[in-house]
2 protein chains.
Amino acid sequence: MIQTIVLNRKGEVSEFDLQNRGLAYGDGVFETILVHQGKLVWWDAHWQRMCLGAERLRLPEANENAIRQACEALAAKHQRAIVKIIYTRGSGGRGYGLPASVIPTLLLSLHPAPELSHQAIAVRWCETMLAIQPALAGIKHLNRLEQVLARAEWENATIDEGLMCDNEGRVVCATAANIFVRHKSQWLTPIIDRCGIAGVTRRWVLENLAGTRVQVLSKDDVMQAEAVFLCNAVRGIMPVLRLGERTWASHPDILGLQYALSKSQPAFALGDIRGT
Amino acid sequence: MIQTIVLNRKGEVSEFDLQNRGLAYGDGVFETILVHQGKLVWWDAHWQRMCLGAERLRLPEANENAIRQACEALAAKHQRAIVKIIYTRGSGGRGYGLPASVIPTLLLSLHPAPELSHQAIAVRWCETMLAIQPALAGIKHLNRLEQVLARAEWENATIDEGLMCDNEGRVVCATAANIFVRHKSQWLTPIIDRCGIAGVTRRWVLENLAGTRVQVLSKDDVMQAEAVFLCNAVRGIMPVLRLGERTWASHPDILGLQYALSKSQPAFALGDIRGT
């Protein structure tokens, strides 16, 4: 049994128990799904990741049809928006201990989406490190203090994103995006089996950028890269223009990838793709 | 400005915005305060830790008088209970980014407390490791999935607690308690500058168990210990009787400490302290 709570734009809700473990411990997972012309973008990939996360946290299986219908109802009539799903272990249990019978809680909400842009972005290095925790790596769980602290490191509005390393100095991701770098004519993206989130767009890129290798990445690999881009399921492919003193020109592979993405998912189509 | 939300035993509440960052990211801290004969036990220590946590997370300063009064009102007339405070960054901000103006949210709730016992307990080793994250170490923040996963490792009701190591194999704490071991006639407790919570009772013990050393602790140090106890602010001092095949007899230092605690805080007094 799932307690379905549907939120409107104002955050009005039918019912929410304040003893919910999502609030008490961050005991749950979430998804942030782009809406384009009333449709959910990459539903299957989001759903699969949410189920994987739920399984890793030993949350009960969720009912796809019911949740998809509720999300579609939220999305309908919206040209461009975000549907967010939060799926928690509900209430109960003594302290951290799991309740004998888990009744998960589902929160659905609709949010405005940032405007789409194919402009190259400026990024920085974050000092906040990602802790190495294989038990939670890859999944989009609700324990996000590291990202909050990392994003709080800068206020300069010209900086779009911050790159994060784990506490052994390996590059993992940006605060809210995955990273790809071209190094010695080879596209690379970090392994995320110790920390980081397995992004839905990262998955699409891995399937569409031929020969990309998943491997350990150092800061030097990034600084010496021939090209860098970030990606997430709301903003698509974001070419990196600047990182500290380092700048990059637009790269044909990235333009090609943006074009392929816009063909595959009209949500990411711009009238005019010419990079920076 | 603080939005004060007071919960009754049923979890009824005045108002809670479901976009709250406490739910979205675990963006906040909490305290679990024992109530004895209508009074809050160790208020000052709990308050100081909460403020330290808030500062580390860059949360606005909270108003002690107002919150203390609200907690005291909740506690009044309860012989034995727990008052829980959750203090979050409120709502707003774009994604992980902090809102321009933070209006923190305060949730206060009253819970039944487990019965006090001076019985020795059985513990186990948890497989779930604590990630090393100095930026979050020591404070009682809302990102508690590691503890949830660790506590979910066993269902055997005769096992009271699970001991946790960091991912370099150092012993840190139990899922909901700090640990002290007597090794070569010296009391030791782990350093918690990389992970773990600086417990209020740990602090009391450090002030009251003469010569206790804070240092790195290995599993072997625990297994070879002459005595072991756990402590937290609800259950007080818990002598460990058994850990796997290893058993310990009661130790006079632990009995002495339980006695001193019961004198210092009547909340921890039992009519008859004779250990196991």
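This is a predicted model, so every value here is computed, not measured.

So, about the overall build of chain A. Of the regular secondary structure elements, chain A holds 7 helices and 14 strands. Viewed in the frame of its principal axes, chain A has a C-alpha envelope of about 55 × 45 × 35 Å. Here chain A holds 276 residues, and the buried ones make up 57% of them. Look at the contacts in chain A between residues 6 or more apart in sequence, and 72% of them connect residues 24 or more apart. Split by element, the accessible area of chain A, about 11,600 Å² in all, is 48% carbon and sulfur. Placing the 30 positive and 27 negative side-chain charges of chain A at their respective mean positions leaves the two points 2 Å apart.

It is worth spelling out the packing of helix α2 (residues 43–56) of chain B against helix α3 (residues 64–75) of chain B at this point. Residues and elements named next belong to chain B. At a minimum axis distance of 12 Å, the contact between α2 and α3 shows a crossing angle of 130°. With respect to α3, the axis of α2 lies oblique. α2 and α3 meet at a crossing whose hand is right-handed. Across the interface between the two elements, W43, D44 and W47 of α2 pack against E64, I67, R68 and C71 of α3. Among the residues forming the contact of α2 with α3, the class breakdown is 4 nonpolar, no polar and 3 charged.

Let us look at a nonpolar patch on the surface. A cluster of nonpolar residues, A:I191, A:L206, A:V214 and A:V216, forms a patch on the protein surface that exposes about 270 Å² of accessible area. Along the chain, A:I191 falls in the loop between β10 (186–190) and α5 (200–208).

Below, the discussion takes up the interface of chain B and chain A. Each partner contributes residues to the interface: chain B has 52 residues there, and chain A has 52 residues. When the buried surface of chain B facing chain A is broken down by residue, B:L18, B:Y96 and B:L145 rank first, second and third, together holding 19% of it. Run the count over chain B and chain A and you get 0 salt bridges. Scanning the region where chain B abuts chain A turns up 14 residue pairs in polar contact (both at pLDDT 80 or more). Breaking the side of chain B that touches chain A down by element, the ones donating at least two residues are α1 (21–25), β2 (28–36), β4 (80–88), β5 (105–111) and α4 (145–151) of chain B.

With that settled, the discussion passes to unusual backbone geometry. All names here are of chain A. Look at Q37: it is not a glycine, yet its phi comes out positive at around 50°. In this structure, Q37 sits in the loop between β2 (28–36) and β3 (39–40). Residue W42 is not a glycine yet carries a positive backbone phi of 60°.

To continue, consider the relation of the copies chain B and chain A. Here chain B sits on chain A after a turn of 180° about the axis and a move of 0.0 Å along it, with an RMSD of 0.0 Å. Both copies of the chain, as the preceding transformation shows, are related through a two-fold rotation axis. In this assembly the copies share their binding face: 100% of the residues contributing to the interface of chain B also contribute to that of chain A.

Counted according to the given criterion, the structure contains 24 salt bridges over all chains. Where A:E207 meets A:R203, a salt bridge forms, and the shortest distance between an N and an O atom there is 3.7 Å. Residue A:E207 and its partner A:R203 are located together in helix α5, separated by 4 residues, close to a single helical turn. The class of A:R203 is partly exposed, set by a relative accessible area of 37%. For B:E31, the salt bridge identified is with B:R49, shortest N-O distance 2.7 Å. Within this pair, whereas B:E31 is found in strand β2, its partner B:R49 is found in helix α2, the two being separated by 18 residues in sequence. A relative accessible area of 1% means that B:E31 is categorised as buried. By relative accessible area, which is 11% here, B:R49 ends up buried. Overlapping salt bridges, with partners in common, bring together A:R21, A:D27 and A:R89 in one network.

Reading the values: the criteria
Residues numbered from 1 in each chain as written. Chains lettered and ligands numbered in written order. Predicted model: local features only at pLDDT ≥ 70, side-chain atom pairs only at ≥ 80, totals over all residues. Heavy atoms only, no water. Helix = DSSP H or I, 4+ residues; strand = E, 2+ residues; numbered from the N terminus. Buried < 20%, exposed > 50% of the residue type's maximum accessible area, 1.4 Å probe, protein only. Contact = heavy atoms within 4.5 Å. Areas by Shrake-Rupley, 256 points an atom, 1.4 Å probe, with all protein chains shown as cover. Lys, Arg positive; Asp, Glu negative; His and termini not counted. Charge placed at Lys NZ, Arg CZ, Asp CG, Glu CD. Axes fitted to C-alpha atoms, helices over the stretch in contact; angles between N-to-C directions. Parallel < 35°, antiparallel > 145°, perpendicular 65-115°, else oblique. Left-handed = near helix turned anticlockwise from the far one by under 90°. Nonpolar A, V, L, I, M, F, W, Y, C, P; charged D, E, K, R; others polar. Patch = residues over 30% accessible without salt bridge, like charges linked within 9 Å, V, L, I, M, F, W, Y side chains within 5 Å. Salt bridge = Lys/Arg side-chain N within 4 Å of Asp/Glu carboxyl O. Buried area = accessible area lost by both parts, 1.4 Å probe. Polar contact = N/O pair within 3.5 Å; in protein donor to acceptor, adjacent residues only side chain to side chain. Least-squares fit on C-alpha atoms with pLDDT ≥ 70 in both.

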